[in-house]
Amino acid sequence: MANVPDGVPRVLLLLSGKRKCGKDFLADALLQRLGTDRAQIVRISEPIKRHWAEAMGLDLAALLGDGAYKERYRRQMIEWSDGRRQEDYGVFCRAACTTIDRPICIVSDVRRQTDVRYFREAYGPETRLRTVRIEASEQVRHGRGWQFQAGVDDVQSECDLDGYAEWDLVLTNERPDGVGELLDRLVQLVEC
C-alpha cells in the first residue's frame, strides 16, 4: 500500500474527463458550494507544472492557468511526466497529496488508471473514495476552445480512462444553465 499523508480526508472526490469538459470549472464551483473551511482542491498536474516551470524558467501561474501558455508546453510536460510515471506511477499523486488538510478533497484532474489505483491503495477504506467522469461532446468542447492535438488528445493522459467503467457518477456538462443541477449531484455524492 502507498504511503498515506498525515491529513487523511473523510472524502476524496476524483474528477476525470477530457480537456475542456469543465473539470476545473466544476471543481472550483463545488469548492465554493462546500466552503474552503471543509474542502479543498488538489491537482495532480501541479507538481508536474511546478517542476517544469523551475526546470525551464517558465511562469508557474501561467502553466497552472487555462490558456495558450500552458498549451504551448503541454505535450512536452506529458512526455516528461510519462517517463517519471514509468519509474513510479504514484509520484505526482503523492506529491499533490502533501497539501491535503481538509475533510473533503477534490482531485480535479485524474487522467490515468494508475491515478485511481494510487488513491485506492493509499487511502483505502479510511477514506470514502468517489469517482466522477465529466463528459462533454466534441462540439461543446470546441466551443470552449478545444482543438484536437496529436500527441496530446490521443495519448494515455487523455485516453487511459476512456474504457474505465467503475465510475460512481457520470455527469454530462454541456448546458451553462445546468451547472446548479450538476453541483447538487456532486454535493449529494460527497455527503452520502
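Residues numbered from 1 in each chain as written. Predicted model: local features only at pLDDT ≥ 70, side-chain atom pairs only at ≥ 80, totals over all residues. Heavy atoms only, no water.

Naming follows an unreviewed UniProt entry, where the protein appears as Phosphomevalonate kinase of Anopheles arabiensis. Listed under Pathway (unreviewed entry) in UniProt, the entry text for the protein is "Isoprenoid biosynthesis; isopentenyl diphosphate biosynthesis via mevalonate pathway; isopentenyl diphosphate from (R)-mevalonate: step 2/3." Regarding the protein, the relevant UniProt record gives this comment under Subcellular location (unreviewed entry): "Cytoplasm, Cytosol". (UniProt positions renumbered as here; feature names shortened; annotations may be inferred.)

Novice: So, the side chain of Arg 133: which residues are in play, and what are the values?
Specialist: Along the polypeptide, Arg 133 turns up in strand 4 (residues 128-135). Look at Arg 133 and you get buried, because its relative accessible area is 9%. One polar contact links Arg 133 to Asp 162, side chain to side chain, over a distance of 3.0 Å. When neighbours within four sequence positions are excluded, Arg 133 is seen to be in contact with Ser 16, Gly 17, Lys 18, Leu 161, Asp 162, Trp 167, Leu 169, Val 170 and Leu 171. (Helix = DSSP H or I, 4+ residues; strand = E, 2+ residues; numbered from the N terminus. Buried < 20%, exposed > 50% of the residue type's maximum accessible area, 1.4 Å probe, protein only. Polar contact = N/O pair within 3.5 Å; in protein donor to acceptor, adjacent residues only side chain to side chain. Contact = heavy atoms within 4.5 Å.)

Novice: Could you give me a rundown of unusual backbone geometry, with the residues and numbers involved?
Specialist: Notably, Lys 20 is not glycine yet its phi reads approximately 65 degrees, a positive angle. Within the element layout of this structure, Lys 20 appears in the loop between strand 1 (11-17) and helix 1 (23-34). Judged by its relative accessible area of 24%, Lys 20 is partly exposed.

Novice: Outline the UniProt feature "binding site: substrate" (unreviewed entry) in the protein, listing residues and values.
Specialist: Using the residue numbers shown here, the UniProt feature "binding site: substrate" (unreviewed entry) corresponds to Asn 173. Within the secondary structure, Asn 173 is located in the loop between strand 5 (169-172) and helix 9 (179-191). Among the residues examined, Asn 173 registers a relative accessible area of 3% and is labelled buried. With sequence-adjacent residues up to four places away left out, Asn 173 is seen in contact with Cys 21, Gly 22, Leu 26, Ile 134, Glu 135, Ala 136, Val 140, Arg 144 and Leu 182. Here the side chain of Asn 173 touches Cys 21 through a polar contact of 2.8 Å, landing on its backbone oxygen.

Novice: Explain the side chain of Glu 158 residue by residue, including any values.
Specialist: Mapped onto the secondary structure, Glu 158 falls in helix 8 (residues 156-159). At 3.1 Å, the side chain of Glu 158 forms a polar contact with the backbone nitrogen of Arg 19. Excluding residues that lie within four positions of it along the chain, Glu 158 makes contacts with Lys 18, Arg 19, Arg 111, Val 152 and Asp 153.

Novice: Explain the nonpolar core to me, and be specific about the residues and the numbers.
Specialist: Of all hydrophobic cores here, the largest spans 29 residues; its most connected members are Val 107, Phe 119 and Tyr 123. Sorting the residues of this core by element identifies strand 1, helix 2 (45-56), helix 4 (68-87), helix 5 (91-96), strand 3 (104-110) and helix 6 (113-123) as the ones contributing at least two each. Top contributing element to this core by residue count: helix 6, with five residues. With sequence-adjacent residues up to four places away left out, Phe 119 is seen in contact with Leu 12, Leu 14, Ile 44, Cys 93, Cys 97, Val 107, Gly 124 and Leu 129. With 26 residues, the next largest nonpolar core counts Ala 39, Ile 104, Ile 106 and Val 190 among its residues. (Core = buried A, V, L, I, M, F, W, Y, C linked by side-chain atoms within 4.5 Å.)

Novice: Describe the sheet that holds strand 1, and please don't skip the residues or the numbers.
Specialist: Strand order in this open sheet of five strands is 2-3-1-4-5, and the pairing throughout is parallel. If you trace the sheet from one side to the other, it starts and ends with strand 2 (39-42) and strand 5, each paired once. Strand after strand, the sheet turns through a mean of 25 degrees between neighbouring axes, direction not considered. In this structure, strand 4 lies alongside strand 5, joined through four bridges in parallel fashion. (Pairing = 2+ DSSP bridges. Axes fitted to C-alpha atoms, helices over the stretch in contact; angles between N-to-C directions.)

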